[in-house]
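The chain contents come next:
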Amino acid sequence: MPCCVHFPYSGGRARRTRWRVWNMQQMRDSWRAVIERELTRYATETFGTAQAAESAFPLAVQKPPKSELGDLAFPLFVFAKAFRMAPQKLAQVLKDRLSLCDDVPKGELLTAGPYLNVRVDMAELANRVNEQVARMGSSYGNTDLMASKRVMVEFSCPNTNKPLHLGHMRNDAIGESISAILKANGAEVLKVNLINNRGVHICKSMLAYQKFGNGETPESSGMKGDHLVGKYYVKFAQWEKEDPSIVQLAQEMLKKWEAGDPEVLRLWELMNGWTLAGVSETYRNTGISFDRYYYESDTYTLGKDKVLAGVESGVFYREEDDSVWIDLADINLDKKVLLRKDGTSLYLTQDIGTAIARHEDWPFDSLIYVVASEQTYHFKVLFHVLDKLGYAWAKDLHHLAYGMVNLPEGKMKSREGTVVDADDLFAQLTELAMQEIKEKGREEAVGDVRNTSEAIALGALNYFLLQANPMKDMVFNPAESISFNGNTGPYLQYMGARISSMVRKFEVMAEDFSDIPFDSTQLSLPEERELVKMIATFPEVVTESGRDLNPSAVTSYLYELSRLFSRYYHDHPVLKAPSAPLVKARFSLVCMVLQVFRNAYALVGIPFLESM
RNA sequence: GCGCCAAUAGCUCAGUUGGAUAGAGCAACAGCCUUCUAAGCUGUGGGUCAGAGGUUCGAAUCCUCUUUGGCGUACCA
């Protein structure tokens, strides 16, 4: 199974309609109900039993490929055998029978080959959607799919030996987006970060600093703290090349650290402080935040204790050299070390402790780890170990794996220095956005050029990173991401800005329209039908992205809505529409689109801009 | 070797529960600014959905095998 996370409460398809009924869904359900009833009656009349029909219930509802074919499609293939009738014929029969009934919903039935299609009553749908968007505002689209569920989302999890890079940015984008999407589906979400501040790799930068640092500080060097520490981590690698034996020193230092050596601890605190200050700044710039921080230095001992307890209870075993192991034969895996022979902790050990601490702190219904797919094995083992230790909530742990981020030139390799630094990238994108604003002569219109450029950079970055399915590896092309035309974040932001501009223009003349009611029958263009339908299905997009933990469902939707809208307002005047009722109706539609844009942007980390 | 994952247009990506003629963007070419921001809109060309079988009324989608690529299989994280 790829990235799919199975929520115990996400239910199956059959249950989906029970959670809540939305506009489009309501339409679908009511039409399905009458068509199913008619199939049942027809089967009973013909065969004396309804079985032929009911075995294929619930009747599938689809979206016709073209709007000329209607708004809902009911494929009838499945009934062909049971009715001994071509589905084309059955569609005709059903249409004829239903046209004689006086209790079908408003709308129009069409046959389209083997499909029975429905053109729904658009005026009614538009009224409902308009009312609902106006009433719910920024919460339009929210669902109760995960109401009252507590979900902890772990993401980012930087090491304190180097600054963030592009890979972290994908992680952060997914983490923030998933959290927002889960919230929109009614969950109570706690975003947590785990600072990986201990271990051999941390000792490496410390050792290099001790040897080469000469007391350098972020202040004295003018470097951001995380970059300064990173510099020494790289230095260690070079040093190690000359003298491979120094790895031993790092191992010894880790042991000293675990023993509480004051000298080591002092340096550790100093350098960790530098890194975390730098990382926090990056978070601030890129709109990342957490409700709670965990530090591995705080939780690893708990993990160690639990592992030792596991040895007592016989879940784990001790080798002759004193190392502690678990045999994973029962899940068809090999053996795994839980404690080194010198007694120090490993990655797995600390994650055991952290998970237990978290469940005690904030009992969750689900904990989602947003971590690269290269660690799939690690999480498999972790969840199994926790299960073996007797924690019933081990089944509620999920690994949301995401693929690697590559560059057009190829893979990022730290050894070859091709890793894209997060701060550098953000600055580069901001710079490009700024140039574009200047070239277009929009400085005055946007007001704060710096802020706007950063917002555009962020929109570009998040959209690009989230538009691909998390599970897949992706190629990040900075130049393409910031491009203002095409399928990009800035293009979407531009649409939002254009609409905002229209709203400002309308406000000047708003009084002239204050007495004119919204008349949905004015919206008769095919494009308007499509827009109303899309707005009506937004809650379903929120559901889908929450169910699959897939932000790209939202980005796809946003882009489609955006294209539809730009085509529409390019071809049809809104504020200068021929009649006042039409202006009012079209402007109301525009406002609905704007609201959905705002709400959907928030789910995928695209800052909304009033003007660009 | 074994395990997990992927493969859709030249490139980057979508593709709903198996359903109608597989869609976008970029790149290329051709149009559209006295008209709510041209950061836009429209059109043209571009496909053996990696390959071969199978299931099905129907497969990019499900199953099997093959090929290619990525990742993992550490007393690293």
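Here goes a summary of the coordinates provided.

What counts, and where the lines are drawn
Residues numbered from 1 in each chain as written. Chains lettered and ligands numbered in written order. Predicted model: local features only at pLDDT ≥ 70, side-chain atom pairs only at ≥ 80, totals over all residues. Heavy atoms only, no water. Helix = DSSP H or I, 4+ residues; strand = E, 2+ residues; numbered from the N terminus. Buried < 20%, exposed > 50% of the residue type's maximum accessible area, 1.4 Å probe, protein only. Contact = heavy atoms within 4.5 Å. Areas by Shrake-Rupley, 256 points an atom, 1.4 Å probe, with all protein chains shown as cover. Phe/Tyr/Trp six-rings, centres within 6.5 Å; stacked < 30°, edge-to-face > 60°. Lys NZ or Arg CZ within 6 Å of the ring centre and 35° of its normal. Pairing = 2+ DSSP bridges. Axes fitted to C-alpha atoms, helices over the stretch in contact; angles between N-to-C directions.

## With respect to the overall build of chain A
If you tally the helices and strands in chain A, you get 24 helices and 13 strands. Principal-axis analysis of the C-alpha atoms places the extent of chain A at approximately 85 × 70 × 40 Å. Per-residue burial for chain A yields a buried fraction of 54% across its 612 residues. For chain A, the proportion of contacts with a sequence separation of at least 24, taken over those separated by at least 6, is 75%. For chain A, the computed accessible surface area is about 27100 Å², with 50% contributed by carbon and sulfur atoms.

## Some details on the packing of aromatic side chains
To describe a pair of aromatic rings, one takes the distance between the centres and the angle between the planes. Per the stated rule, a full pass over the model turns up 30 aromatic pairs. On the basis of an interplanar angle of 70 degrees and a centroid distance of 6.4 Å, the ring pair of F57 and F79 is categorised as edge-to-face. With F57 in the loop between α3 (51-54) and β1 (72-75) and F79 in the loop between β1 and α4 (80-83), this pair connects stretches of sequence that are 22 residues apart. Judged by its relative accessible area of 23%, F57 falls in the partly exposed class. Look at F79 and you get buried, because its relative accessible area is 0%. Ring centres 5.8 Å apart and planes at 80 degrees place the aromatic pair F364 and W393 in the edge-to-face group. Linking F364 in the loop between α14 (347-361) and β10 (366-372) with W393 in the loop between α15 (376-388) and β11 (397-402), this pair joins segments that are 29 residues apart in sequence. What makes F364 buried here is its relative accessible area of 5%. Assessed through its relative accessible area of 9%, W393 is described here as buried. Here the aromatic residues Y42, F47, F57, F79 and F83 are joined through ring pairs into a cluster of three or more. A cation over an aromatic ring shows up here: R150 above the ring of W362, its NZ or CZ 4.2 Å from the ring centre. The ring of Y300 carries the charged tip of R198 above its face, separated from the ring centre by 4.6 Å.

## Structural notes on the sheet that holds strand β5 (residues 188-195)
Ordered by their spatial adjacency, five strands build an open sheet running β6-β5-β4-β10-β11, and the pairing between neighbours is parallel. The open sheet is flanked by β6 (292-295) and β11, the only strands paired with a single partner. On average, each strand axis in the sheet is inclined to that of its neighbour by 25 degrees, with strand direction left out of account. In terms of strand pairing, strand β4 (residues 150-154) meets β10 through four bridges, oriented parallel. The residue bridging V151 from the neighbouring strand is S366, located in β10. α15 rests against β10 and β11 of the sheet, and its axis sits at about 180 degrees to β11.

## Points about the sheet that holds strand β9 (residues 335-339)
What the three strands build is an open sheet, ordered β7-β8-β9; its pairing is antiparallel. For this open sheet the edge positions go to β7 (317-318) and β9, each flanked by a neighbour on one side alone.

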